[in-house]
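Here is what each chain is made of, one letter per residue.
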Amino acid sequence: MGVESQRVEEYRLTKEPYYLPLGNEVELFEAAYNAHLPVMLKGPTGCGKTRFVEHMSWRLKRTLVTVACHEDLTASDLVGKYTLRNDETVWQDGPLTTAVKAGGIAYLDEVVEARKDTTVVIHPLTDDRRILPLEKKGEIVQAPEDFMLVISYNPGYQSVLKDLKHSTKQRFVAIEFDYPQPDLEETILQQEAGIDADTAGKLVKIAEKVRNLRTHGLEEGVSTRLLVYAGQLIHGGVDPVTACEATICKPITDDLEMQRSIVEIIATQF
């Protein structure tokens, strides 16, 4: 097996990621994949977007290259650049180029956090050309049919300065995510945290009440991910109130008055 093949194999999932469908998102994603269309996942932090992509890559038997976008991420970081190795200048493919060449799924998580020039790079991959220009190398990589581009972002958390341009949004099939319905969220917590139905039910009730505080000054509600963390701590023997304070209360707000309100909500259940 060559170096490139080994590198690609590092991105292949070896275990099926647990995912509980909340609607028709699986069918939509598969239809977009079969039609060679790019997909945009929209929804709040920690509601399952990344897990969904992992599940779909397993389901479709594709390698998954995930890029956690940040404000210092450049187009070169995505596509590739020349680097020095043993006194030689060699080309190093970026994660996006690796995914394209492998015919895998490239997942750009929170894409609006990246610098503006990165969205220009992905445009040729999102229309009928399906190409990735490597300008520094003077090459054009044609994406194989198996390749798929997926991006995600949180519409409710972006400012005017950090939002996707309409010219970018309108290149994607959009799938919207939200927090699961209570019964489904309880099932997820039991599966992911190993807790009983009663404890899962209490955590979901806490989450519902905390999420309602978004109309009273809380920036964003508690995510399903944080509920799983709480369940895992409780399953590990941590006192439920202490676990909830550490995973639900303190991570989502620094406002002491808001923290007190959340602690009161937790106390009503545990």
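Attention in this report is confined to the structure presented alongside it.

## Side note on helix α3 (residues 49-59)
Then, number 1: Within α3 the residues assigned to the buried category are K49, F52, V53, H55, M56 and S57.
Then, number 2: Among the structural elements, α2 (25-34), β1 (39-42), β2 (64-68), β5 (105-109) and β8 (148-153) are those in contact with the buried residues of α3.
Then, number 3: Where α3 ends, the next residue or the one after it, K61, has phi of about 60 degrees, a positive value.

## A short note on unusual backbone geometry
Peptide bonds are mostly trans, and most non-glycine residues show a negative phi.
Then, number 1: Phi at N86 takes a positive value of approximately 55 degrees, unusual for a residue other than glycine.
Then, number 2: With respect to the helices and strands, N86 occurs in the loop between β3 (80-85) and β4 (88-93).
Then, number 3: Exposure remark for N86: the relative accessible area of 72% places this residue in the exposed category.
Then, number 4: Even without being glycine, D87 reaches a positive phi, approximately 65 degrees.
Then, number 5: Using a relative accessible area of 81% as the deciding quantity, one classes D87 as exposed.

## A word on the sheet that holds β2
Then, number 1: Spatial strand order, β2-β5-β8-β1-β9: five strands in an open sheet with parallel pairing. Edge positions in the sheet fall to β2 and β9 (173-176), since each of these pairs with one other strand and no more. Each neighbouring strand pair of the sheet contributes to a mean axis angle of 20 degrees, computed without reference to strand direction.
Then, number 2: This element, α3, spans β1, β2, β5 and β8 of the sheet and lies at about 175 degrees to β5.

## Things to note about the pattern of salt bridges
Then, number 1: Inspection of the entire model under this criterion finds 13 salt bridges.
Then, number 2: A salt bridge links K81 to D77; the nearest nitrogen and oxygen atoms lie 2.9 Å apart.
Then, number 3: Look at K81 and you get partly exposed, because its relative accessible area is 36%.
Then, number 4: D93 is the salt-bridge partner of K101, the closest N and O atoms lying 2.9 Å from each other.

## A closer look at the environment of T242
Then, number 1: With respect to the helices and strands, T242 occurs in helix α11 (residues 240-252).
Then, number 2: According to the relative accessible area criterion, T242 is partly exposed, its value standing at 44%.
Then, number 3: Considering only alpha carbons, one finds T242 and V263, 21 residues apart in sequence, at a separation of 9.8 Å.

## Notes on the environment of W58
Then, number 1: Positionally, W58 belongs in helix α3.
Then, number 2: Between the C-alpha atom of W58 and that of G48, which follows or precedes it by ten residues, the distance is 15 Å.
Then, number 3: If we skip the residues at most four places from it in the chain, W58 touches L13, T14, K15, E16 and P17.

## Some words on the packing of helix α8 (residues 182-193) against helix α9 (residues 197-211)
Then, number 1: Two elements in contact, α8 and α9, have axes whose closest approach is 9 Å; the angle formed by their N-to-C orientations is 130 degrees. In terms of orientation, α8 lies oblique with respect to α9. In the packing of α8 onto α9, the handedness of the crossing is right-handed. Here P182, E185, E186, L189 and Q190 of α8 come into contact with α9, specifically with A197, A200, G201, L203, V204, E208 and R211.
Then, number 2: A per-class count over the contact of α8 with α9 returns six nonpolar, two polar and four charged.

## Details of the nonpolar core
Then, number 1: Ranked by size, the top nonpolar core spans 30 residues in total, and within it L96, L108, L132, F147 and L149 carry the most contacts.
Then, number 2: Within the residue set of this core, elements represented by two or more residues are β2, α4 (75-79), α5 (95-102), β5, α6 (116-122), β6 (131-134) and β8.
Then, number 3: Judged by nonpolar contacts, the second largest core, of 26 residues, contains L189, A200, V222 and I234.

## So, the state of the cysteines
Then, number 1: This model, assessed by the stated rule, comprises zero disulfides.
Then, number 2: C47 provides the cysteine sulfur closest to C69, a residue in no disulfide bond, and the two sulfurs are 17 Å apart.
Then, number 3: Residue class for C69 comes out buried when judged on its relative accessible area of 10%.
Then, number 4: No disulfide involves C244; its nearest neighbouring cysteine sulfur is the one of C249, lying 9.8 Å away.

About the criteria used
- Sequence positions are assigned chain by chain, starting from 1 and proceeding in written order.
- For a predicted model such as this one, the threshold for reporting local features is a pLDDT of at least 70, and the threshold for listing and counting side-chain atom pairs is 80 or more; totals across whole chains, interfaces and linings nevertheless cover every residue.
- The basis for every side-chain value is the complete set of heavy atoms in the structure, and neither hydrogens nor water enter the calculation.
- For every residue, the accessible area (1.4 Å probe, protein chains only) is compared with the maximum for its type, and the residue is labelled buried under 20%, exposed over 50%, or partly exposed between those bounds.
- Helix and strand assignments follow DSSP, with helices taken as H or I runs no shorter than four residues and strands as E runs no shorter than two, numbered in order from the N terminus.
- The contact rule is simple, with two residues in contact once any of their heavy atoms fall within 4.5 Å.
- Think of it this way: DSSP has to see at least two bridges between two strands before they count as a pair.
- To define axes, lines are fitted to C-alpha atoms, for helices over the stretch in contact only, and angles between the resulting N-to-C directions are given on a 0 to 180 degree scale.
- Salt bridges are defined by distance alone: a side-chain nitrogen of Lys or Arg within 4 Å of a carboxyl oxygen of Asp or Glu.
- Roughly parallel here means an angle under 35 degrees, roughly antiparallel means over 145, roughly perpendicular means 65 to 115, and every remaining angle is called oblique.
- A crossing counts as left-handed when the near helix is turned anticlockwise from the far one by less than a right angle, and as right-handed when that turn is clockwise.
- Gly counts as polar in this scheme, as do all residues outside two lists: the nonpolar Ala, Val, Leu, Ile, Met, Phe, Trp, Tyr, Cys and Pro, and the charged Asp, Glu, Lys and Arg.
- The nonpolar core is taken to be a set of buried Ala, Val, Leu, Ile, Met, Phe, Trp, Tyr and Cys residues, with the residues joined through side-chain atoms within 4.5 Å.
- Cysteine sulfur atoms that pair up within 2.5 Å are treated as a disulfide.

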